[in-house]
Amino acid sequence: MLKLTNIHTYYGAIQALNDVSVEVNKGEIVTLIGANGAGKTTLLMTVCGSPRARSGTVEFLGEDITQWPTHSIMQKGIAISPEGRRVFPDLTVTENLKMGAFFLDREHTEAGLERVFALFPRLKERSSQRAGTMSGGEQQMLAIGRALMTEPKLLLLDEPTLGLAPLIIAQIFEIIKEIREQGVTVFLVEQNAHKALQVADRGYVLETGKVVLSDTGANLLVNDEVRKAYLGA
Ligand code: ATP
């Protein structure tokens, strides 16, 4: 479904991704783990075309989207829940969700709201509450819900559990599994390597802009290097 081949991404003179190749197949949950600054966010953002890869290709559903503008990539079926949630604090839950559906007509927007509220009953209860007054976990649900408004085929999740309490983290991972069961493919960036590898079919380990390991989630969980570097073993 998504195929990155020999991707090099830079911020000016700084190289953030160095010859990265990653694949996500339809129906999978794939996770990308790595330390702070390894380039995980840059990888997801490169899929979205901002920053653009300086070389290499990004293919989605068999098409080369490397040079496509971000809005065209989104319309093709990719959505992102960004790091730090980035909800609009002064807008209500419903208004935030509608922001995720900016290119949909009214009928599809209403259908999107219904779908998201079915997945997150808590958001329905709080539909007219201002996002900035909600808890971190609720804001995270809102960020994921907003990304799902367009009914994406591929959902990119950047650190969805960062800064949340253990109980909420468990809920978020349950929701990720449910999203996949509804037919959405998930590419998940996480610092919480243990939980991420437990839910993921496959995982990649990124170190200073390079993929150093890739395997099934189950194998990575028992891999000695991964255990030492990322699982606190
Ligand atoms: P974190 O979990 O801390 O967000 P990450 O693995 O997502 O880390 P990135 O945010 O992708 O890492 O950063 C990769 C590298 O690119 C880092 O060295 C970072 O300092 C650099 N970088 C990221 N964004 C920019 C930017 N806008 N301008 C310059 N350098 C950047």
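Residues numbered from 1 in each chain as written. Predicted model: local features only at pLDDT ≥ 70, side-chain atom pairs only at ≥ 80, totals over all residues. Heavy atoms only, no water.

In the nomenclature of an unreviewed UniProt entry, the protein chain is known as ABC transporter ATP-binding protein of Yanghanlia caeni. Of the protein chain, the UniProt comment under Sequence similarities (unreviewed entry) reads exactly: "Belongs to the ABC transporter superfamily." (UniProt positions renumbered as here; feature names shortened; annotations may be inferred.)

Caption draft 1: Spatial organisation of the overall build of the protein chain. When its secondary structure is counted, the protein chain shows 10 helices and 10 strands. In terms of overall size, the protein chain behaves like a compact globule, its C-alpha atoms giving a radius of gyration of 17 Å where 233 residues would be expected to give roughly 17 Å. Viewed in the frame of its principal axes, the protein chain has a C-alpha envelope of about 45 × 40 × 30 Å. Counting all 233 residues of the protein chain, 49% fall into the buried class. Separation of charge centres in the protein chain, based on 24 positive and 27 negative side chains, amounts to 2 Å. (Helix = DSSP H or I, 4+ residues; strand = E, 2+ residues; numbered from the N terminus. Rg over C-alpha atoms; globule rule 2.2 N^0.38 Å. Buried < 20%, exposed > 50% of the residue type's maximum accessible area, 1.4 Å probe, protein only. Lys, Arg positive; Asp, Glu negative; His and termini not counted. Charge placed at Lys NZ, Arg CZ, Asp CG, Glu CD.)

Caption draft 2: Highlighting the pattern of salt bridges. The tally for this structure, following the rule as stated, stands at seven salt bridges. Note that Glu 63 and Lys 76 form a salt bridge whose closest N and O atoms lie 2.5 Å from each other. In this pair, Glu 63 is assigned in strand β5 (residues 63-64) and Lys 76 in helix α2 (residues 70-76), connecting sequence segments 13 residues apart. The salt bridge involving Arg 122 is made with Glu 138; its shortest N-O contact spans 3.1 Å. (Salt bridge = Lys/Arg side-chain N within 4 Å of Asp/Glu carboxyl O.)

Caption draft 3: Quick peek at the site of the ligand. Taken together, 13 residues lie around the ligand, and Gly 37, Gly 39, Lys 40, Thr 41 and Thr 42 are the ones closest in. Asn 36 has a polar side-chain atom sitting 3.2 Å from an oxygen atom of the ligand. Here Lys 40 contributes a backbone N or O atom positioned 2.8 Å from an oxygen atom of the ligand. Isolated, the ligand exposes 630 Å² of accessible area, and the fraction of that covered by the protein chains is 61%. The leading source of residues in the shell around the ligand is helix α1 (residues 40-47), at three residues. For the shell around the ligand, the residue count by class is four nonpolar, six polar and three charged. (Near = heavy atom within 4 Å. Polar contact = N/O pair within 3.5 Å; in protein donor to acceptor, adjacent residues only side chain to side chain. Areas by Shrake-Rupley, 256 points an atom, 1.4 Å probe, with all protein chains shown as cover. Nonpolar A, V, L, I, M, F, W, Y, C, P; charged D, E, K, R; others polar.)

Caption draft 4: Seen up close, the packing of helix α6 (residues 136-148) against helix α7 (residues 166-181). One can describe the packing of α6 onto α7 by two numbers: an axis separation of 10 Å at closest approach and a directional angle of 15°. Comparing the axis directions of α6 and α7 gives the class roughly parallel. Judged by the twist between their axes, the crossing of α6 over α7 is right-handed. Residues Gly 137, Gln 140, Met 141, Ile 144 and Leu 148 of α6 pack against Ile 168, Gln 171, Ile 172, Ile 175 and Ile 179 of α7. Of the residues in the contact of α6 with α7, the class split is seven nonpolar, three polar and no charged. (Axes fitted to C-alpha atoms, helices over the stretch in contact; angles between N-to-C directions. Parallel < 35°, antiparallel > 145°, perpendicular 65-115°, else oblique. Left-handed = near helix turned anticlockwise from the far one by under 90°. Contact = heavy atoms within 4.5 Å.)

Caption draft 5: Here's a closer look at unusual backbone geometry. Omega for the bond connecting Ser 50 with Pro 51 falls within 30 degrees of zero, at 5°, which places this linkage in the cis form. Inspection of the secondary structure puts Pro 51 in the loop between α1 and β4 (55-60). For Glu 151, which is not glycine, the phi dihedral falls at a positive 55°. Counting through the fold element by element, Glu 151 comes out in the loop between α6 and β7 (154-158).

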